[in-house]
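Understanding the architecture of this molecule
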Amino acid sequence: MFEQSLILDYLFFIFFFCEYLNYVLLFQIHFEIIRMSDTILIIGACGQIGTELTQKLRDIYGSEQVIASDIREGSPEQMSAGPFEILDATDKDGILQIVKKYNVSQVYLMAAMLSATAEKYPHKAWELNMTSLLGVLDLAKEKHIKQVYWPSSIASFGPTSPKVNTPQQTVMEPSTVYGISKLAGEHWCNYYHDKYGVDVRSIRYPGIISWKTKPGGGTTDYAVDIYFQAVENTSYECFLSENTRLPMMYMQDAVNATIQLMQADASTIKTRTSYNLAAISFTPEEIAAEIQKHIPEFEISYKTDFRQAIADSWPQVIDDSQARADWNWNHEFDLSLMTKDMLENLS
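Residues numbered from 1 in each chain as written. Predicted model: local features only at pLDDT ≥ 70, side-chain atom pairs only at ≥ 80, totals over all residues. Heavy atoms only, no water.

1. Digging into the sheet that holds strand β9 (residues 207-209)
- Here three strands make up an open sheet; going across it, the order is β9-β11-β13 and the pairing mixed. The sheet is open, and its two borders are formed by β9 and β13 (280-282), each paired with just one other strand. Averaged over all neighbouring strand pairs, the angle between strand axes comes to 45°, with direction disregarded.
- Across three bridges, the pairing between β9 and strand β11 (residues 246-250) is parallel. Its bridge partner lying in β11, G207 is registered against M248.
- Across the face of the sheet, helix α13 (residues 335-346) comes into contact with β9, β11 and β13 while running at roughly 85° to β13. (Pairing = 2+ DSSP bridges. Helix = DSSP H or I, 4+ residues; strand = E, 2+ residues; numbered from the N terminus. Axes fitted to C-alpha atoms, helices over the stretch in contact; angles between N-to-C directions. Contact = heavy atoms within 4.5 Å.)

Next comes the structure, spelled out in structure tokens:
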């Protein structure tokens, strides 16, 4: 009888222990579902980065959890892939309505007027780039939003910044409207974090290259257009000189870095202005030579314009060691792998 009692006690122990483990497992799953069910609003979802960022976030969190928005309708694919709202990025009240409608917890503010276009319309560029950011930061300060992502750029550096291995913290005296707005935005982000505890995170993007969207008014966009022209016309007239070296990055790396930064634990985020981010640096001559390995008849010519002065004011190679140390950033694509992938997808 005594032995039977011990066996029964042991079996009851095993049963309740298993129930306890099931409870813990269910709790962990429930917690993960809650974490993964954050509702995300992307403002400027139809832009170069916004288009692919939206798709990637929907793959991770689910289509219904990622709200795309822009001043105009997106592509048919984007409009049908999940919720879409027409939204002016400078309309704080309009943003708040959508935040409340979908119970949004994260905002990715991707809307901006880029470098070359901003030089033509400086007041409009400042209005869009600054008013949109301050409106979203205020919504986060007022506790309507838990987390904000806002992109900066290598344009926030200037002619007096070191050109090679440009460090995270250095002299920053931008000479373009776009760069001035980005540098100001970085300090607004840092201010709202220090003053109000806003969880805002940022990356200084280099030139971004993608086959899914055509050039959108940036100085580094030659490195996108050159692939389109190589496939369509086997020739390209470049608006920068052949030896103009600039930092660049393939879109997949840029999107992955953005999401990785936003998913990182807040304790690892040491920089609240904006993180340097780097992958590859090359010249028009070097990218042309890489294309010629796949399209031998491709030819490039050069006719510089006002964008040459913009490019000359920017860094050539970026030091992103702080991003790599703080949240384990690492890029995947080099010039060779990027060129192969671009041409395969465009052909």
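2. Focus on the packing of aromatic side chains
- Overall, the coordinates contain ten aromatic pairs when judged by the stated rule.
- With a centroid separation of 4.7 Å and an interplanar angle of 65°, the aromatic rings of Y250 and F333 are classed as edge-to-face. Remark: F333 occurs in the loop between α12 (321-327) and α13 and Y250 occurs in strand β11; sequence separation between them is 83 residues.
- Site record: aromatic cluster; members linked through ring pairs are W188, Y191, Y192 and Y196. (Phe/Tyr/Trp six-rings, centres within 6.5 Å; stacked < 30°, edge-to-face > 60°.)

3. Overview of the sheet that holds strand β8 (residues 203-205)
- Read across the open sheet, the three strands follow the order β6-β8-β12; overall the sheet is parallel. Each having just a single partner strand, β6 (152-153) and β12 (275-276) make up the two edges of the open sheet.
- In this structure, β6 lies alongside β8, joined through two bridges in parallel fashion. Within β8, the position partnered with S152 by the bridge is R204.
- Lying on the sheet, helix α9 (residues 251-263) is in contact with β8 and β12; it crosses β8 at an angle near 170°.

4. Observations concerning the environment of E142
- Within the element layout of this structure, E142 appears in the loop between α6 (122-141) and β5 (147-149).
- Distance in space between the C-alpha atoms of E142 and Y196 is 9.2 Å, their sequence separation being 54 residues.

5. Observations concerning a nonpolar patch on the surface
- Taken together, the side chains of W188, Y191 and Y196 define a hydrophobic patch exposed on the protein surface, amounting to about 280 Å² of accessible area.
- Inspection of the secondary structure assignment puts Y191 in helix α7 (residues 177-196). (Patch = residues over 30% accessible without salt bridge, like charges linked within 9 Å, V, L, I, M, F, W, Y side chains within 5 Å. Areas by Shrake-Rupley, 256 points an atom, 1.4 Å probe, with all protein chains shown as cover. Salt bridge = Lys/Arg side-chain N within 4 Å of Asp/Glu carboxyl O.)

6. Considering the pattern of salt bridges
- A complete count under the given rule lists twelve salt bridges for this structure.
- The partner of E186 in a salt bridge is R204, with the nearest N and O atoms 2.8 Å apart. Residue E186 is found in helix α7, and its partner R204 is found in strand β8; the two are separated by 18 residues along the sequence.
- Note on E186: relative accessible area 1%, which makes it buried.
- Classification of R204 by relative accessible area gives buried; the value is 3%.
- Across the salt bridge formed by D199 and R272, the nearest N and O atoms sit 2.8 Å from each other. You can see D199 sitting in strand β7 (residues 199-201) and its partner R272 sitting in the loop between α9 and β12, a full 73 residues away along the chain.
- Accessibility expressed as a relative area gives 7% for R272, which makes it buried.
- One salt-bridge network, in which partners are shared between bridges, spans D199, R201 and R272. (Buried < 20%, exposed > 50% of the residue type's maximum accessible area, 1.4 Å probe, protein only.)

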